[in-house]
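Geometric and topological summary
Now for the letters of each chain:
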Amino acid sequence: IEDATKLRKSYKGNVTGEDIPLPIGSFEDLVTRFQFDKRLLSNLIDSHFTEPTPVQCECIPMALQERDVLSCAPTGSGKTLAFLIPLLQQIITSKSTEGVKGLIISPTKELANQIFLECSKLAHKIFLTKKRPLRVALLSKSLSAKLRNKVISEQKYDIIISTPLRLIDIVKQGALDLSNVRHLIFDEADKLFDKTFVEQTDTILASCTDPRLHKSMFSATIPSNVEDIAHSIMLDPIRVIIGHKEA
Ligand code: ADP
Ligand code: MG
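Residues numbered from 1 in each chain as written. Chains lettered and ligands numbered in written order. Predicted model: local features only at pLDDT ≥ 70, side-chain atom pairs only at ≥ 80, totals over all residues. Heavy atoms only, no water.

To continue, consider the nonpolar core. If you look at the biggest cluster of nonpolar residues, it comprises 45 residues, and the most contacted ones within it are Leu 30, Ile 85, Ile 104, Leu 134 and Ile 159. Mapped by element, the contributors of at least two residues to this core are helix 2 (28-34), helix 3 (38-46), helix 4 (54-64), helix 5 (79-93), helix 6 (109-122), strand 5 (159-162) and strand 8 (238-242). Per-element accounting of this core gives the leading share, 9 residues, to helix 5. With near-sequence residues (within four places) excluded, Ile 104 lies in contact with Phe 83, Leu 84, Leu 87, Ile 115, Ile 159, Ile 160, Ile 161, Ser 162 and Ile 185. Core analysis: the second largest hydrophobic core is formed by 37 residues, Val 100, Ile 105, Leu 213 and Ile 222 among them. (Core = buried A, V, L, I, M, F, W, Y, C linked by side-chain atoms within 4.5 Å. Buried < 20%, exposed > 50% of the residue type's maximum accessible area, 1.4 Å probe, protein only. Helix = DSSP H or I, 4+ residues; strand = E, 2+ residues; numbered from the N terminus. Contact = heavy atoms within 4.5 Å.)

The structure is reproduced here in structure tokens:
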């Protein structure tokens, strides 16, 4: 615990909430504390991710303990892996092999594509069963069309990354079922909970009907209205601020 305090001080971390998990000091800590998947660890090393960044040190153990997290850390601080690493681990260890279990919402197509590329690298060569690879999809225009025409079954995918409108569109047409989603992540949450998006975000929340749904939000800034919304939709959230809170 002394080490945790020191570590937090070193990166000016401000963490508030109930029963806060200890941060990790290295990715190897995940192996001892969480039976972290060895293939996932080697994919991390292969991508030259050797040491976790501060937002990763804090947020990975929280997500692995199924906590809702509201995280604010500067641009370039590694927020993407802070949510992808625990999400992949949770999907690998989840008993259910069917249906979309992880959903990542991004305000723009460009960002959604970046998240997809990073997620695909981490999921490389990971199989959930002998014949069944862990599958990640970017909800593109063409994938939407294939789902709609039932050329592809949504059941094939474990993780879907999408912008709000494209997702709502396909859900409303009954071509994508979100009732198995256990992990819902809002990236650049300040934008997603802004006036232009908030209604769409509400629709997405209403479509993820599993009561065990675990939610997290990542952003470089957390305006007070976003903070209010976060507290209204999350269960005992932990608030992680790295560096200075810009608002
Ligand atoms: P943010 O979303 O906080 O703006 P990103 O997740 O886009 O930041 O990460 C910024 C850059 O840092 C990316 O190029 C990413 O690959 C790299 N990065 C993330 N985590 C690590 C790490 N643990 N070690 C080295 N590089 C990392
Ligand atoms: Mg980001």
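And the narrative resumes.
The next point concerns the environment of Pro 237. Here Pro 237 shows up in the loop between helix 11 (224-233) and strand 8. Sequence separation between Pro 237 and Leu 176 is 61 residues; the distance between their C-alpha atoms is 28 Å. Pro 237 has contacts with Thr 16, Gly 17, Asp 68 and His 231, leaving out every residue within four places of it along the chain.

At a minimum axis separation of 10 Å, helix 8 (residues 164-172) and helix 10 (residues 198-207) run at an interaxial angle of 45 degrees. It follows that helix 8 is oblique to helix 10 by the angle criterion. As for the relative orientation of helix 8 and helix 10, their crossing is left-handed in sense. Together, Pro 164, Leu 165, Leu 167, Ile 168 and Val 171 of helix 8 and Gln 200, Thr 203, Ile 204 and Ser 207 of helix 10 make up the contact between the two elements. Tallied by class, the residues present in the contact of helix 8 with helix 10 amount to 6 nonpolar, 3 polar and no charged. (Axes fitted to C-alpha atoms, helices over the stretch in contact; angles between N-to-C directions. Parallel < 35°, antiparallel > 145°, perpendicular 65-115°, else oblique. Left-handed = near helix turned anticlockwise from the far one by under 90°. Nonpolar A, V, L, I, M, F, W, Y, C, P; charged D, E, K, R; others polar.)

Turning our eyes to something else, we now look at the packing of helix 4 against helix 5. As a packed pair, helix 4 and helix 5 sit with axes 9 Å apart at the nearest point and diverge in direction by 30 degrees. Classified by the angle their axes make, helix 4 and helix 5 are roughly parallel. Between helix 4 and helix 5 lies a crossing whose hand is right-handed. Here helix 4 contributes Val 55, Gln 56, Cys 59, Ile 60, Ala 63 and Leu 64 to the contact with helix 5, which in turn contributes Lys 79, Leu 81, Ala 82, Ile 85, Pro 86, Gln 89 and Gln 90. Counted by class, the contact of helix 4 with helix 5 contains 9 nonpolar, 3 polar and 1 charged residues.

Of the positions making up helix 11, those classed as buried are Val 226, Glu 227, Ile 229, Ala 230 and Ile 233. Each buried residue of helix 11 sits inside an arc of 165 degrees when the element is viewed along its axis, so together they form one side. What points out from helix 11, more than 90 degrees from its buried face, is the exposed set Ser 224, Asp 228 and Ser 232. The elements touched by buried residues of helix 11 are strand 2 (69-72), helix 9 (189-192), helix 10, strand 7 (214-219) and strand 8. (Arc of directions from axis to C-beta.)

A separate point is the site of ligand 1. Around ligand 1, the structure places 15 residues, and the nearest of them are Glu 51, Gln 56, Gly 76, Lys 79 and Thr 80. Ser 77 is positioned such that a nitrogen or oxygen atom in its backbone is 3.2 Å from an oxygen atom of ligand 1. The side chain of Thr 80 places a nitrogen or oxygen atom 2.6 Å from an oxygen atom of ligand 1. Look at ligand 1: alone it shows 570 Å² of surface, and the protein chains cover 67% of it. Residue composition of the shell around ligand 1, by class: 5 nonpolar, 7 polar and 3 charged. (Near = heavy atom within 4 Å. Polar contact = N/O pair within 3.5 Å; in protein donor to acceptor, adjacent residues only side chain to side chain. Areas by Shrake-Rupley, 256 points an atom, 1.4 Å probe, with all protein chains shown as cover.)

Pairing in this open sheet of 8 strands is mixed, and the strands run 1-8-2-7-6-3-5-4 from one edge to the other. Strand pairing shows two members of the sheet lacking a second neighbour, strand 1 (13-16) and strand 4 (136-138), which therefore form its edges. Looking at each pair of strands side by side, their axes are set apart by 10 degrees on average, direction ignored. Note that strand 3 (residues 102-105) and strand 6 (residues 183-187) share 4 bridges and pair parallel. Bridge pairing in strand 6 places Ile 105 opposite Phe 186. (Pairing = 2+ DSSP bridges.)

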